[in-house]
Amino acid sequence: MPLKSCCIYTTGVFSILFLILGISLVLSNVFPHFLQSVVEKEIVLKNGTVAFKAWENPPAPIYMQFYFFNVTNPLEVLDGDRPAVVEVGPYTYREYRPMEQVNFHSNGTKVAAVNTKTYIFEPNMSRGPESELIRTVNIPAVSVMDKFKDDFIMSNLISSYMRATDTGLFTTRTVGQLLWGYEDSLLKALRAFQPDLDDIFGLFYKTNATNDGDYVFFTGQENYKDFARVDTWNGESNLTWWTSDECNMINGTNGASFHPVINKDETLYMFSSDLCRSLYAVFEEDVSVKGIPGYRFSPPSEVFANMTVNPANTGFCVPTGNCMGSGLLNVSVCKQGAPIIMSSPHFYQADEKYINDVFGMRPSKELHQTTIDIHPELSCKQQNGFRSTSMSRNIPPSVKQGT
């Protein structure tokens, strides 16, 4: 037999053998376990790994979309009517969120970093320009009134100033001003009494091109399930705002990534500095994102439920015993005392009374549910829909829905 024919024959035999072996491995579940083993070892925060590069500088574009509630009946609200609002948006920003000041320590088992976020306006993906006007609650005025409500002299001074300058409980500002900041005349006037008071107000003031604090993450070197899990934030392993140890826990990752090889029966924990707390998500359904299969996780209603529904949330009642209804979170304790309450857009999963208190609320699971779509093996996020609304206490929703 010629040498060339022998080689072809031998190659063909080996090809068939490898094909049979491959089919056998797949049928016997050996390959999935082998792949899982490789993923568990390679998905680690370490210089030179693909996982580290993606964690340090996410390659996929990230967008943040903001929606506002335009108050259409401010005079009627002052007379005691329920507010009527119209949602406007989105106003879309490209978000860049590299990890910076990266420093490995503890023999490579931990890595310190800050997560700097920069927002660039995307006019082609937005309803209109940043100069569009929004009529909403005057949050600085409401915050000041709430802060000095027990100070008779300051309350009178504030009331007098507001009457003299025609400053009301509603204001009309541009999208850019509401998000990134504007000089407020009332706050500026109060600086005469409190020099350390900042006279600039914005919902995202001082958050563009800045970071939310110093993180220390586990790298996953010792245990793949510790991949990107937060060890400390601003030097602390627990929060101090809430009234129970459980509610003050810093759990999971920062929400940007999760450990590899995720199962449907797992609970994904994450810490959100914006919400000032940790939360969790559970499997909801199988999804396909651009033809790639994935798992969809979402926070169950119990995460933001009232303590009567979920006793574990008792610690979020601040001051102690001051509990809100389901679907709302009072974050004043971590927002410099400003009377701010967080909820899902349109009071999704909140008590019915809140929905009925504001004309124009139309909660929808498809539009307002927070979801995380994840590749089950690599655990890279395929799609993320994190949604929240913030509002001032006892007045209509004012602010944002982030997606």
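Residues numbered from 1 in each chain as written. Predicted model: local features only at pLDDT ≥ 70, side-chain atom pairs only at ≥ 80, totals over all residues. Heavy atoms only, no water.

A few words on the overall build of the protein chain. Summing up its helical and strand segments, the protein chain has 10 helices and 18 strands in all. For the protein chain, buried positions account for 46% of its 403 residues. (Helix = DSSP H or I, 4+ residues; strand = E, 2+ residues; numbered from the N terminus. Buried < 20%, exposed > 50% of the residue type's maximum accessible area, 1.4 Å probe, protein only.)

Before going further, it helps to spend a moment on the state of the cysteines. Evaluated as defined, the whole model comprises two disulfides. Bridging Cys276 to Cys334, the disulfide has an S-S length of 2.0 Å. Taking the torsion about the sulfur-sulfur bond, which here is approximately 85 degrees, the covalent link between Cys276 and Cys334 counts as right-handed. A residue pair is termed long-range when its members are at least 10 positions apart, and Cys276 in the loop between β11 (267-272) and β12 (277-289) and Cys334 in the loop between β14 (328-330) and β15 (340-343) qualify at 58 residues. The residues Cys276 and Cys334 share a single accessibility class, namely buried. Sulfur-sulfur distance for the disulfide between Cys317 and Cys323 comes to 2.0 Å. Residues Cys317 and Cys323 are joined by a disulfide whose S-S torsion is about 110 degrees; by sign, that bridge is right-handed. On the accessibility criterion, Cys323 (28% relative accessible area) is partly exposed. (Disulfide = S-S within 2.5 Å.)

Looking now at the side chain of His346. Considering the arrangement of structural elements, one finds His346 in the loop between β15 and α9 (352-357). Within polar-contact distance, the side chain of His346 engages the backbone nitrogen of Arg362 at 2.9 Å. (Polar contact = N/O pair within 3.5 Å; in protein donor to acceptor, adjacent residues only side chain to side chain.)

With that out of the way, let us pick up helix α6 (residues 152-164). Relative to the 18 Å expected for 13 residues at 1.5 Å per residue, α6 spans 18 Å between its end C-alpha atoms, a close match to the ideal helical length. Buried-residue contacts for α6 involve α5 (139-147) and α8 (185-190). Immediately beyond the C-terminal end of α6, within one or two residues, lies Asp166, with a positive phi of roughly 55 degrees. (Expected span 1.5 Å × (residues − 1). Contact = heavy atoms within 4.5 Å.)

One pass over the full model with this rule turns up 21 aromatic pairs. Judged by centre distance (5.9 Å) and plane angle (35 degrees), the ring pair of Phe347 and Tyr354 falls under tilted. Across the pair, exposure class does not vary: Phe347 and Tyr354 are buried alike. An aromatic cluster of three or more residues is present, and its members are Phe66, Tyr93, Tyr119, Phe121, Trp180 and Phe204. Over the ring of Tyr63 we find Arg94; its NZ or CZ atom is 5.9 Å from the centre of that ring. (Phe/Tyr/Trp six-rings, centres within 6.5 Å; stacked < 30°, edge-to-face > 60°. Lys NZ or Arg CZ within 6 Å of the ring centre and 35° of its normal.)

With that settled, the discussion passes to the nonpolar core. Of all hydrophobic cores here, the largest spans 42 residues; its most connected members are Phe68, Tyr91, Tyr93, Leu190 and Phe347. The greatest single-element share of this core, amounting to five residues, is contributed by strand β1 (residues 62-71). Membership of the second largest hydrophobic core comes to 40 residues, among which are Ile43, Val111, Phe258 and Met342. (Core = buried A, V, L, I, M, F, W, Y, C linked by side-chain atoms within 4.5 Å.)

Right, let's talk about the pairing of β1 for a bit. Successive residues of a regular strand alternate their side chains across the two faces of the sheet. With respect to burial, β1 is a largely interior element, seven of its 10 residues being buried. As defined by bridge partners, β1 adjoins strand β2 (residues 85-96) across nine bridges and the pair is classed as antiparallel. Bridging across to β2, Tyr63 finds its partner in Arg94. (Pairing = 2+ DSSP bridges.)

Before going further, it helps to spend a moment on unusual backbone geometry. Across the junction of Gly89 and Pro90, the peptide omega takes the value 5 degrees, indicating a cis bond. Going from Val318 to Pro319, the amide bond is cis rather than trans, its omega being -15 degrees. Within the element layout of this structure, Pro319 appears in the loop between β13 (292-298) and β14. Backbone geometry places Lys206, a non-glycine residue, at a positive phi of 65 degrees. Following the sequence through the fold, Lys206 ends up in the loop between β8 (200-201) and β9 (210-218). At His346, a position not held by glycine, the phi torsion is positive, near 60 degrees. Its relative accessible area of 5% is what places His346 among the buried residues.

Turning to the pairing of β12, a few remarks are in order. In this sheet, β12 lies alongside β11 in antiparallel orientation, the contact comprising six bridges. Its bridge partner being in β12, Tyr269 is matched across the sheet by Tyr280. In this structure, the hairpin formed by β11 and β12 is closed by a connection of four residues, where Cys276 is found at a positive phi of approximately 65 degrees. Pairing geometry for β12 and β13, over seven bridges, is antiparallel.

On to the environment of Trp233. Here Trp233 shows up in strand β10 (residues 230-233). Taking the relative accessible area as the measure of exposure, Trp233 reaches 10% and is therefore buried. On a C-alpha basis, the gap between Trp233 and Asp212 in space is 9.3 Å, while along the polypeptide they are 21 residues apart. Residues in contact with Trp233, not counting those within four places in the same chain, are Asp212, Gly213, Asp214, Tyr215, Leu239, Trp241, Ile250, Phe271 and Ser273. Only 3.0 Å separates the side chain of Trp233 from the backbone oxygen of Asp212, close enough to count as a polar contact.

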